[in-house]
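Fold and geometry: a report
These are the residues of each chain, in order.
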Amino acid sequence: MTIDHAPPDLSTLSKNEPLALEPVTPAAGSRRRAVPRWLRRTVGPLLLLAGWQVLSATGVLHRDILASPGTIAAAAGELISDGTLPAAMGISLQRVAVGLLLGGVIGISLALVSGLSRLGEDLVDATVQMLRTVPWVGLIPLFIIWLGIGEAPKIALIALGVAFHLYLNVYAGIRGVDEQLIEAGQSLGLGRWGLVRHVVLPGALPGAMTGLRYSLATAWLALVFGESINADAGIGFLMNQAREFFRTDVIVVCLVVYAFLGLLADAVVRTLERLLLQWRPTFQGK
């Protein structure tokens, strides 16, 4: 910052005479045009794609190991044009939606029972914490024995992973509500259910949103495991077929679809957070 003129001599001013302020102008070149944030966020992926293409074009990265971005784009176009990829995406999305709904109902219900009542905590929490330590992917053989090889074991696997994340975060959110808020609500005449509705549940909402984000990530991970075993449709089925024929381009297309759907689901949760948590200003970074 530079000052256009020298500052006035304060000794020559009387006590009653107002001080004239000189305008301050920024120095030339001090202003930098802000780069849009979306453009900054694309720099890393674009550099990765460019390096990948260069390695493929120069032969450093052989096509049998990993196809080039151009080949992958062509394969994606073929899968979209013949309807194979949209149909597989629809089936996978349906599995995730059903598993997320079922696991969400189970996880949130158990968290409410355990978080709102000490008796419920004694009856529920120890069992859930014990089951949580069991690798849920290792339950796939049991799910196949119990539920067969249809849609049921895939949905059950997704629901199991979702339920644990939602339970832990909703329970922690409920027990993390400030005790002084509870006392303030009681002094205002709120009963038990009034406290739950107006104090406890809004206070636990940030934890629930965090649990939902983790649950969505787990749901897609569980879908990958579920569709890789005895699947006759879906994105995982396409990946298994491509593996048999060494089609790395199709495999990468399916992985990109998984990543895209995961990012889309995370964006939906972020939008819900902005809408539902407007009352809770948070640090957004500098």
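Residues numbered from 1 in each chain as written. Predicted model: local features only at pLDDT ≥ 70, side-chain atom pairs only at ≥ 80, totals over all residues. Heavy atoms only, no water.

Looking now at the nonpolar core. By size, the foremost hydrophobic cluster in this structure holds 38 residues, and its most contacted members are I158, W220, I235 and V253. When residues of this core are traced back to their parent elements, those giving at least two are α2 (69-81), α3 (84-116), α5 (140-147), α6 (152-175), α8 (192-227), α9 (235-244) and α10 (248-276). With 9 residues, α10 is the largest single contributor of residues to this core. Dropping the residues within four chain positions of it, I235 is found in contact with A88, M89, S92, E227, C254, V257, Y258 and L261. Membership of the second largest hydrophobic core comes to 15 residues, among which are V124, V128, V170 and V199. (Core = buried A, V, L, I, M, F, W, Y, C linked by side-chain atoms within 4.5 Å. Buried < 20%, exposed > 50% of the residue type's maximum accessible area, 1.4 Å probe, protein only. Helix = DSSP H or I, 4+ residues; strand = E, 2+ residues; numbered from the N terminus. Contact = heavy atoms within 4.5 Å.)

Another point: empty space enclosed by the protein. If you walk through the whole model with that rule in mind, you get 1 cavity of 30 Å³ or more. The computed volume of the largest cavity comes to approximately 90 Å³. Residue lining of the largest cavity: I140, F143, I144, G148, I149, P153, K154, L157, F225, G226, I229 and N230, and that is the complete set. Counting residues per element, the ones that place at least two in the lining of the largest cavity are α5, α6 and α8. Grouping the constituent residues of the lining of the largest cavity by class yields 8 nonpolar, 3 polar and 1 charged. (1 Å grid on protein atoms, 1.4 Å probe; cavity = no way out; pocket = protein on both sides within 12 Å on 5 of 7 lines; lining within 4 Å. Points joined across faces, edges and corners; volume = space filled by probe spheres on them. Nonpolar A, V, L, I, M, F, W, Y, C, P; charged D, E, K, R; others polar.)

Further remarks concern the pattern of salt bridges. Inspection of the entire model under this criterion finds 6 salt bridges. As a salt-bridge pair, R95 and E227 come within 2.7 Å of each other at their nearest N and O atoms. Of this pair, R95 sits in helix α3 while E227 sits in helix α8, placing them 132 residues apart in sequence. Neither R95 nor E227 differs from the other in exposure class; each is buried. One salt bridge in this structure joins R213 and D266, with 2.9 Å as the shortest N-O distance. Of the two residues, R213 sits in helix α8 while D266 sits in helix α10, which places them 53 residues apart along the sequence. Judged by its relative accessible area of 22%, D266 is partly exposed. Put simply, R95, E151 and E227 are held in one network by salt bridges that share partners. (Salt bridge = Lys/Arg side-chain N within 4 Å of Asp/Glu carboxyl O.)

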